[in-house]
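Structural overview for review
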Amino acid sequence: MSTFSAPKGTYDLLPPESADFLAVREAISAPLRRAGYGYVETPGFEHVELFARGVGESTDIVTKEMYTLTTKGGDELALRPEGTASVLRAALQANLHRGALPVKLWYSGSYYRYERPQAGRYRHFSQVGAEALGAEDPALDAELVILAADAYRALGLRQVRLLLNSLGDAECRPVYRAALQDFLRALDLDEDTRARVEINPLRVLDDKRESVRAQLTDAPLMRDHLCEGCKSYHEQVRDLLLAAGVEFEDDPRLVRGLDYYTRTTFEFVHDGLGSQSAVGGGGRYDGLAEMLGGPALPSVGWALGVDRTVLALRAEGVELPRADATEVFAVPVGEEARRTLFHTVTELRRQGVAADFAYGGKGLKNAMKSANRSGAALALVLGERDLAERVAQLKDLATGEQVAVPLENLTTEVLAKLNRPAAR
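Let me sum up the structure you'll find in this document. (Residues numbered from 1 in each chain as written. Predicted model: local features only at pLDDT ≥ 70, side-chain atom pairs only at ≥ 80, totals over all residues. Heavy atoms only, no water.)

1. Re the packing of helix α5 (residues 138–155) against helix α10 (residues 228–243)
With their axes 9 Å apart at the nearest point, α5 and α10 run at an angle of 40° to one another. If you check the angle between α5 and α10, you find them oblique. Between α5 and α10 lies a crossing of right-handed hand. Along its contact with α5, which presents Pro138, Ala139, Asp141, Ala142, Val145 and Ile146, the element α10 presents Tyr233, Gln236, Val237, Leu240 and Leu241. (Axes fitted to C-alpha atoms, helices over the stretch in contact; angles between N-to-C directions. Helix = DSSP H or I, 4+ residues; strand = E, 2+ residues; numbered from the N terminus. Parallel < 35°, antiparallel > 145°, perpendicular 65-115°, else oblique. Left-handed = near helix turned anticlockwise from the far one by under 90°. Contact = heavy atoms within 4.5 Å.)

2. Examining a positive patch on the surface
Judged by side-chain charge, Lys362, Lys365, Lys369 and Arg373 come together as a positively charged surface patch. Locating Lys362 in the fold gives a position in the loop between β13 (355–357) and α14 (364–373). (Patch = residues over 30% accessible without salt bridge, like charges linked within 9 Å, V, L, I, M, F, W, Y side chains within 5 Å. Areas by Shrake-Rupley, 256 points an atom, 1.4 Å probe, with all protein chains shown as cover. Salt bridge = Lys/Arg side-chain N within 4 Å of Asp/Glu carboxyl O. Lys, Arg positive; Asp, Glu negative; His and termini not counted. Charge placed at Lys NZ, Arg CZ, Asp CG, Glu CD.)

3. Some remarks on the packing of helix α1 (residues 18–34) against helix α12 (residues 306–316)
Following both chains from N to C, one finds α1 and α12 inclined at 110°, their axes separated by 10 Å at the closest point. Regarding the angle of α1 to α12, the classification is roughly perpendicular. On α12, the residues touching Asp20, Phe21, Val24 and Arg25 of α1 are Val306, Asp307, Thr309, Val310, Leu313 and Arg314. Each residue belonging to the contact of α1 with α12 can be placed in one class, and the counts come to five nonpolar, one polar and four charged. (Nonpolar A, V, L, I, M, F, W, Y, C, P; charged D, E, K, R; others polar.)

4. Observations concerning the packing of aromatic side chains
Scanning all chains against the criterion turns up nine aromatic pairs. The interplanar angle of 85° and the centroid separation of 5.7 Å between the aromatic rings of Phe342 and Phe357 together place this pair among those described as edge-to-face. Remark: Phe357 occurs in strand β13 and Phe342 occurs in helix α13 (residues 335–350); sequence separation between them is 15 residues. Using a relative accessible area of 41% as the deciding quantity, one classes Phe342 as partly exposed. We classify Phe357 as buried; its relative accessible area is 4%. Taken together through their ring pairs, the aromatic side chains of Tyr11, Phe21 and Tyr122 make up a single cluster. Above the ring of Tyr111, the side-chain terminus of Arg80 is found at 4.6 Å from the ring centroid. (Phe/Tyr/Trp six-rings, centres within 6.5 Å; stacked < 30°, edge-to-face > 60°. Buried < 20%, exposed > 50% of the residue type's maximum accessible area, 1.4 Å probe, protein only. Lys NZ or Arg CZ within 6 Å of the ring centre and 35° of its normal.)

5. A short note on unusual backbone geometry
The omega torsion of the bond from Pro15 to Pro16 falls at 5°, within 30 degrees of zero and hence cis. The residue Pro16 is located in the segment before α1 in this model. The amide bond that connects Leu101 to the next residue, Pro102, takes the cis arrangement and shows omega of 0°. Of note, Asn95 is a non-glycine position whose phi angle comes to about 60°, a positive value. Here Asn95 is to be found in the loop between α4 (84–93) and β5 (103–112). A positive phi angle, close to 55°, is found at Asn419, a residue other than glycine. The topology assignment puts Asn419 in the segment after α16 (410–417). Judged by its relative accessible area of 71%, Asn419 is exposed.

6. Details of α16
Along α16, the positions that sit buried rather than exposed are Leu410, Val414 and Leu415. What you see down the axis of α16 is that its buried residues fit within an arc of 130°, all on one side. Elements that come into contact with the buried residues of α16 comprise β12 (328–332), α13, β14 (378–382), β15 (391–396) and β16 (402–406). Phi for Asn419, located one or two positions after α16, is positive at around 55°. (Arc of directions from axis to C-beta.)

Here it is in structure tokens:
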């Protein structure tokens, strides 16, 4: 009988490597929690129309990459390809926008896109995201960029670059859109791309094909068409980032892959990842709430890829500490020793010690091999002779030093050896 494998383009997270993914999620979410962002969780699937409206009907995500399904009741659903539309839908549905603004939310989860699998690009991927809803303030844009930059710095990444641009607003973007369309219509483009020129020409600027990119060298730039309001807003964001010590590169050609962005747009890239260099990004989306049937709700947010951040760490050779590694490994010999040490392990765990146990009735030799493989600093060994003497052997697995410890003081002695105070 054949065995099953994970679907193409997906992956399993298994220890010990999975600890790095948990550490990345924690490092990204910690600054958000300190800045007043509350956790939100949405379903893994939504109505197709939510993404068609929110992400954009002309985007590759909607036209080519969404996993869609029809329920027995006839509902058209899609596995979520990104997080912002779902989070905004949830906030509007719960009327969070009627309370104090901005509403600051963060989330973490899996997302799904039908793409050609390659290093750094999967059909199932993990992100941590943040959204600040209901305020048009350059300081809010800068806050989110700084929180992301601080997360990368806390992880030890030094080669992440921040690209920054402004995509204008409803006043100045139509003028730029018309100028861009005039330029693009004169190029040698395939039929699908020509159709995109008419629907959303900015999407053409994000085309990754060299045959298209080579023709975009002289394309008009949004920065040359910004209105005074957008220019002033963008300069304030830049000034706040510089004052916070966050380095960035102005990239007038930066266009994110979703239709809803306005004004501030940014992307974090890592050159050690090859063609899939983006590790995260985001921007302002002032009109998205209205596109979803809600009130005007100017907002800004980002999503950082957990998978690609882990790849970036490996590219730089950064090893994250694994705090939950086993500290104490219990090795019982005999049934009475098993009961005694099992109780001790339970007590140690309640005291905050990472402790494990030789399960399966292993002999002493095999059990000690398991202790050494666990990475534990200490082993607790208890045999029949030790039970008769009411002691256990406490062994330092690094030095081999071993001392007899009275059973009644076993937990206390282990905590002292680990320099750990006893919990009340």
